[in-house]
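Each chain, letter by letter, is given below.
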Amino acid sequence: MKALRWHGKGDIRCETVPDPEIEHPRDAIIKVTSCAICGSDLHLYNHFMPGMKKGDIVGHEFMGEVVEVGQDAKSALKVGDRVVVPFTIICGECDQCKRGNFSVCERTNRNAELAATAFGHTTAGLFGYTHLTGGYPGGQAEYVRVPYADKTHIKIPDGLTDEQVLFLGDIFPTGWQAAVQCDIEPTDTVAIWGAGPVGQMAIRSALLLGAKQVIAIDRLPERLSMAKAGGAITINFEEESVIERLNELTNGKGPEKCIDSVGLESHVSMNHPDTLLDRAKQTVMLESDRPHVLREMMYVCRPAGVLSVPGVYGGLVDKIPFGAVMNKGLTIRTGQTHVNRWTDDLLRRIQEGQIDPSFVITHTVGLEQGPEMYETFRDKKDGCIKVVLKP
Amino acid sequence: MAHHRNRRSAQMSRESADALARGLGWFSIALGAVEVFGGKGVARWLGMEQNEKLLRAYGVREIMTGVGILASRDPTPWIWGRVAGDALDLATLGKGLADPNAERDRVIMATGAVAGVTVLDIICANALTGQPPQSRQLRWDYSDRSGLPKPAMQMRGAASDFQAPRDMRIPDALRPYTQPQGNEFPRPSM
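Residues numbered from 1 in each chain as written. Chains lettered and ligands numbered in written order. Predicted model: local features only at pLDDT ≥ 70, side-chain atom pairs only at ≥ 80, totals over all residues. Heavy atoms only, no water.

(A) Examining the sheet that holds strand β1 (residues 2-8) of chain A more closely. Residue and element names in this part refer to chain A. Taken in spatial order, the three strands of this open sheet run β2-β1-β4, and their pairing is antiparallel. Across the chains shown, the open sheet's two edge strands, defined by having one partner strand only, are β2 (11-16) and β4 (56-57). Of the strand pairs in this sheet, β1 and β4 are connected by two bridges, and their pairing is antiparallel. Bridging from a neighbouring strand, tryptophan 6 pairs with aspartate 56 of β4. Packed on one face of the sheet, helix α13 (residues 370-378) meets β1 and β2 and runs near 160° to β2. (Pairing = 2+ DSSP bridges. Helix = DSSP H or I, 4+ residues; strand = E, 2+ residues; numbered from the N terminus. Contact = heavy atoms within 4.5 Å. Axes fitted to C-alpha atoms, helices over the stretch in contact; angles between N-to-C directions.)

(B) Spotlight on the UniProt feature "transmembrane region" (unreviewed entry) in chain B. All names here are of chain B. Here, the residues flagged by UniProt with the feature "transmembrane region" (unreviewed entry) are residues 20-38 and 107-129. This span, residues 20-38, is 95% helix and 0% strand, and a straight line between its end C-alpha atoms measures 26 Å. Helix and strand shares over residues 107-129 are 96% and 0% respectively, and the end C-alpha atoms of the span are 32 Å apart. (UniProt positions renumbered as here; feature names shortened; annotations may be inferred.)

(C) Geometry of the domain arrangement of chain A. All names here are of chain A. Taken domain by domain, chain A comprises domain 1 (2-170 + 337-390) and domain 2 (172-334). The distance between the C-alpha centroids of domain 1 and domain 2 comes to 25 Å. Between domain 1 and domain 2, the residue contacts involve 32 residues of the former and 23 residues of the latter. The contact between domain 1 and domain 2 buries some 2,600 Å² in all, and 72% of this surface belongs to carbon and sulfur atoms. The largest per-residue losses of area from domain 1 upon contact with domain 2 belong to Phe48, Phe359 and Ile385, which jointly make up 26% of the total buried on that side. Remark: the boundary between domain 1 and domain 2 carries zero salt bridges. Across the contact surface, domain 1 and domain 2 share eight residue pairs in polar contact (both at pLDDT 80 or more). Examining the composition of the side of domain 1 that touches domain 2, we find that six residues originate from one element, helix α12 (residues 339-351), more than from any other. (Domains from an automatic or database assignment. Buried area = accessible area lost by both parts, 1.4 Å probe. Salt bridge = Lys/Arg side-chain N within 4 Å of Asp/Glu carboxyl O. Polar contact = N/O pair within 3.5 Å; in protein donor to acceptor, adjacent residues only side chain to side chain.)

Pasting the structure below:
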């Protein structure tokens, strides 16, 4: 089969690899009909995440048709079922899964010791996202083996297109959880850093959950135009002071809720000298992530407010103004997305027409064009916001 | 001649002027570094050893101006600052020419170089003045992509039937002091 494989920094190739096979009775094999490039795939592409090996198949946003089912998964799946696969692999049985904390499932990371060394304790296995999270082959491929398939799936009813439901596997529930973690009040201002795909979903989620005003912060006009379409007031951080504008829009009090949908690769700019220092430190391995957005959120957030962090961070960050967090009594909520916790509800909202997540797709191409689309997406060329690949 | 230069400046787009300003910014930093770290050598080469400290100070000025140009959204005042700095440089070199100096030819060469850069600075400053800083062009307009069935403001609170799970609610004591008086949208029960 054809699959996109990681070979190093900026080097993703479409190659022929052996088809996957059932390895465990709870497995299923999925024939992928649609998959997407996620913003967090760029952290792998740019080699900011440790634990990748040459030849790893990437991709964790995918859906398709079940073509083979292991004996122990037959109670939940049958050949021909149409499923979206959540990026977090879940057992459904451990203490964390029982609490709905699916992204920290205790059993699905087959490199649990490695993860525990890095993070203190293991987190869930993820598709196509480093050997720290299990080294499972990803979904930017023609076929994928889905471990724990009896639990790790979202069944899709007839009548919905791939484009409408594909993002149930990651960015839609990620944006939704980011907003839910804010526990939004009808009087809240929610400020969202980053108007990429997760930011766009967070904007609409915050609006649907009733925020008084939603503010989107980015520098790319096309992303800001999409944010505005979703009901956000926009701030272009290359043209305006984010802190001044946020204070202006909140009568000097700051936003109650702040969402970081940027993560570890915040934009490096002469206008923000801390980003230059972070970039220099990254180069000499004194810091793994660039936390400019975290710093700005901590500073500008209203006292007693909430910081929600769906953006991916991988390791160590410097010069975090934790005095501001402590003295203002801020609450920080973060984590990979507990996808299956939200998908029944979100699928219903899509079916009822409350939202159609396909609005975010700007490019649809064949799998073999994946490598060049990584570059297009990374460089924000051609108005690219979200790429869907068709194997 | 001056009239001709003004006309050329007026024709330069803001984009070109910004690019020229960035180039001058990096040049400023590079020249400043040479003056700060190689001040003694430069002063000796010009036969102006008595001005070594002054040269280093000029180097600091160059670096600060360069950083200002590159770090600011609108480099116009910093480029005019460069023009003023050029005048200082020319005055200092002029004094070097007036005083007895064995390296007179080198001072003339340096004066010519500074004069050339001064012309560039003035062209750039003129082009920037009066033109607002450039915004990135909106080449791809997605303002019709809401993903919502109605105008966004009409969808506000449409998912207020959602019950936030207990572990993601804010404890009562930490709820912001903006707790609404009346529930515009139904709240999940606490």
